[in-house]
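Residue strings, one per chain:
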Amino acid sequence: MSDLSQFKAFAIGLPILDYLMPVLFIGHGSPMNGIEDNEFSEKWSSMARDIPQPSAVLVISAHWFTKGTHITAMEFPQTIHDFGGFPQELFDVKYPAPGSPDLAYETKKLITSTEVGLDHDWGLDHGAWTVVKHMYPESNVPVLQLSIDYTKDGRYHYDLAKELYQLRKRGVLIMGSGNMVHNLRIMNWEMINGGGYDWALEINDRFKGLILNNEHQPLVNYQSLGKEAILAIPTPEHYLPLLYTLGLKNDTESVSLFNDKAIGGSLTMTSVRVG
């Protein structure tokens, strides 16, 4: 092997493909999207048909916010219902996708900037299963989650994503799951079917422009984007998954948007495809 990157590529027990697997950022919104056939979930389903069948899915979800970085490493992750106040039908959902302890271990070895814990207690939270359930309803694709270290800043997460790049060559679909604009404290339920406050639309447009122009540094340092960004990101867990998606993009790849809609005044479902 001529260099460390080639060694890392060789270490993963999945064949090297002649293409790069796309990367997604999904605005996942309400857990109810997991059981509803609506404009958002229908796009998730069609996206799965548009991209190659993955060897596995690795989700960076807003809802696994931990001290340190961890990856699920069990054979069969549980379906986590990490919400309240919804119909029993939602709590009854089980998404029985397998995990992949081998892929978890190989991913741990790829990441050299920090120690990655192999987790056997978490599972698939609603940032993962509500989306993947529509994409792969037969639950025949292994699904893993990588946690978000709440002690680290945007630069850390953006750089950490780059260490996952080799997985794309092995057919792993890496997906950030959150929302670019996510301020539930000031939602307007009269706008729940569509509509955003002026500030939410303004900052979402600014995010989109930076993404499409491949200007990632202002997005990494999102606190410097003004009061609209602070309103959009009162806490970082729903925004940071976007930085994983952007960190995995190379300089020549195309980027496109989908599900680009504001709802509830202060939440956007805007999603990103790289590649």
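Residues numbered from 1 in each chain as written. Predicted model: local features only at pLDDT ≥ 70, side-chain atom pairs only at ≥ 80, totals over all residues. Heavy atoms only, no water.

**Q** Explain the overall build of the protein chain to me, please; I cannot follow it from the model alone.
**A** Scanning the protein chain from terminus to terminus reveals 11 helices and 12 strands. By the compact-globule yardstick of 19 Å for 275 residues, the protein chain fits well, its C-alpha radius of gyration being 18 Å. If one aligns the C-alpha atoms of the protein chain with their principal axes, the spans along those axes are about 55 × 40 × 35 Å. The buried share of the protein chain, reckoned over its 275 residues, is 57%. (Helix = DSSP H or I, 4+ residues; strand = E, 2+ residues; numbered from the N terminus. Rg over C-alpha atoms; globule rule 2.2 N^0.38 Å. Buried < 20%, exposed > 50% of the residue type's maximum accessible area, 1.4 Å probe, protein only.)

**Q** Explanation requested: helix α8 (residues 198-212) in the structure shown.
**A** Helical geometry: 3.6 residues make up each α-helical turn, so side chains three or four residues apart lie on a common side. When the terminal C-alpha atoms of α8 are compared, their 21 Å separation across 15 residues agrees well with the 21 Å that a helix rising 1.5 Å per residue should span. The complete set of buried residues in α8 reads W199, A200, I203, N204, F207, K208, L210 and I211. Seen end-on, α8 carries its buried residues on one side only, within an arc spanning 165°. For α8, the elements touching its buried residues are α9 (217-220), α10 (227-232), α11 (240-247), β9 (255-258), β11 (267-268) and β12 (271-274). Phi turns positive one or two residues past the end of α8, at N214, with a value near 60°. (Expected span 1.5 Å × (residues − 1). Arc of directions from axis to C-beta. Contact = heavy atoms within 4.5 Å.)

**Q** Any chance you could explain the confidence of the model for the protein chain here in plain terms?
**A** One rule of thumb: low pLDDT means the predicted coordinates there are not for detailed reading. For the protein chain, per-residue confidence averages 94 on the pLDDT scale, and 96% of positions sit at 70 or higher. In the model, residues 1-11 has pLDDT below 50 throughout and makes 11 contacts with residues more than four positions away in sequence or in other chains. (pLDDT = per-residue confidence, 0-100.)

**Q** Honestly, the nonpolar core in this entry has me stumped. Any pointers?
**A** Within soluble globular proteins, side chains that are nonpolar tend to cluster in buried spots. In terms of nonpolar packing, the biggest core is built from 48 residues, with L58, I174 and F207 touching the most fellow members. Take this core: its biggest share by element is 6 residues, from α8. Discounting chain neighbours no more than four positions away, the residues touching F207 are M180, V181, L219, L225, I233 and Y239. Within the second largest apolar cluster, 31 residues are counted, among which are F40, W44, F83 and V132. (Core = buried A, V, L, I, M, F, W, Y, C linked by side-chain atoms within 4.5 Å.)

**Q** Sorry if this is basic, but what is going on with the sheet that holds strand β6 (residues 143-145) here?
**A** The strands making up a sheet are joined through hydrogen bonds of the backbone, oriented either antiparallel or parallel. Strand order in the open sheet formed by 6 strands is β6-β2-β8-β1-β12-β9, with mixed pairing between adjacent strands. The two strands at the open ends of the sheet, each matched to only one other strand, are β6 and β9. The average angle at which neighbouring strand axes cross in this sheet is 20°, direction not considered. As defined by bridge partners, strand β1 (residues 23-27) adjoins β12 across 3 bridges and the pair is classed as antiparallel. Bridge pairing links V23 to V274 in β12. Lying on the sheet, α11 is in contact with β1, β2 (56-61), β8 (172-178) and β12; it crosses β1 at an angle near 160°. (Pairing = 2+ DSSP bridges. Axes fitted to C-alpha atoms, helices over the stretch in contact; angles between N-to-C directions.)

**Q** Is there a simple way to explain the pattern of salt bridges in this structure?
**A** Side chains that differ in sign of charge can pair as their charged atoms come close. Evaluated as defined, the whole model comprises 7 salt bridges. Across the pair E106 and K109 runs a salt bridge whose closest N-O atoms are separated by 3.2 Å. Highlighted residues: E106 and K109, both in helix α4 (residues 101-110), separated by 3 residues, approximately one helical turn. One network of salt bridges, with partners in common, ties together D205, K208 and D260. (Salt bridge = Lys/Arg side-chain N within 4 Å of Asp/Glu carboxyl O.)

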